[in-house]
Amino acid sequence: MSNRELEEMQEKLANQKLASELGISYDELLELEWNIDTNESDDGLIYKYIVTFSEESSKKILNKIEGIEDGNIVRLQPSSFEEPDDFE
């Protein structure tokens, strides 16, 4: 497996996890435009992930996302992106 294939696989897995956390399907997530930022301390400790969806994103899909705030923002706990192995 090439590095590119590995990166693509990791990105797909991360997007599948994000879709699951948002309560939408992977295919629905792919229809949206989004950015992920972090709220973190000066030493890099992440308090929250902040997912911001574009104004052009499908309102039908956005309405399915629990906890979405004005401005099309969702705040997720850092554990939302941790793998079970990260706890070992």
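Going by the structure above, here's the rest.
Residues numbered from 1 in each chain as written. Predicted model: local features only at pLDDT ≥ 70, side-chain atom pairs only at ≥ 80, totals over all residues. Heavy atoms only, no water.

A. Layout of the pattern of salt bridges. Going through the model one piece at a time under the given rule, you end up with 5 salt bridges. With its nearest N and O atoms 3.9 Å apart, the salt bridge here joins Glu 21 to Lys 17. Remark: Lys 17 and Glu 21 occur in helix α1 (residues 3–22); sequence separation between them is 4 residues, near one turn of the helix. Note that Arg 75 and Glu 69 form a salt bridge whose closest N and O atoms lie 3.1 Å from each other. Accessibility expressed as a relative area gives 32% for Glu 69, which makes it partly exposed. (Salt bridge = Lys/Arg side-chain N within 4 Å of Asp/Glu carboxyl O. Helix = DSSP H or I, 4+ residues; strand = E, 2+ residues; numbered from the N terminus. Buried < 20%, exposed > 50% of the residue type's maximum accessible area, 1.4 Å probe, protein only.)

B. Expanded view of the pairing of strand β2 (residues 46–53). Bridge analysis of strand β1 (residues 34–40) against β2 gives 7 bridges, and the strand direction is antiparallel. Note on β2: the bridge partner recorded for Ile 36 is Val 51. Between β1 and β2, which follow one another and run antiparallel, lie 5 residues, and Gly 44 among them has a positive phi close to 95°. In terms of strand pairing, β2 meets strand β3 (residues 73–76) through 4 bridges, oriented antiparallel. Along β3, the bridge assignment pairs Thr 52 with Ile 73. (Pairing = 2+ DSSP bridges.)

C. Representation of α1 within the structure. If you check α1, its first and last C-alpha atoms are 28 Å apart, about what 20 residues at 1.5 Å a residue would give, namely 28 Å. Those residues of α1 lying buried are Asn 15, Leu 18, Ala 19 and Leu 22. All buried residues of α1 project into a common sector of 100° when viewed along the axis, lining one side. α1 presents Asn 3 and Ser 20 as exposed residues on the side facing more than 90 degrees away from its buried surface. Elements that come into contact with the buried residues of α1 comprise α2 (26–31), β1, β2 and β3. Within two residues after α1, Gly 23 carries a phi angle of roughly 80°, on the positive side. (Expected span 1.5 Å × (residues − 1). Arc of directions from axis to C-beta. Contact = heavy atoms within 4.5 Å.)

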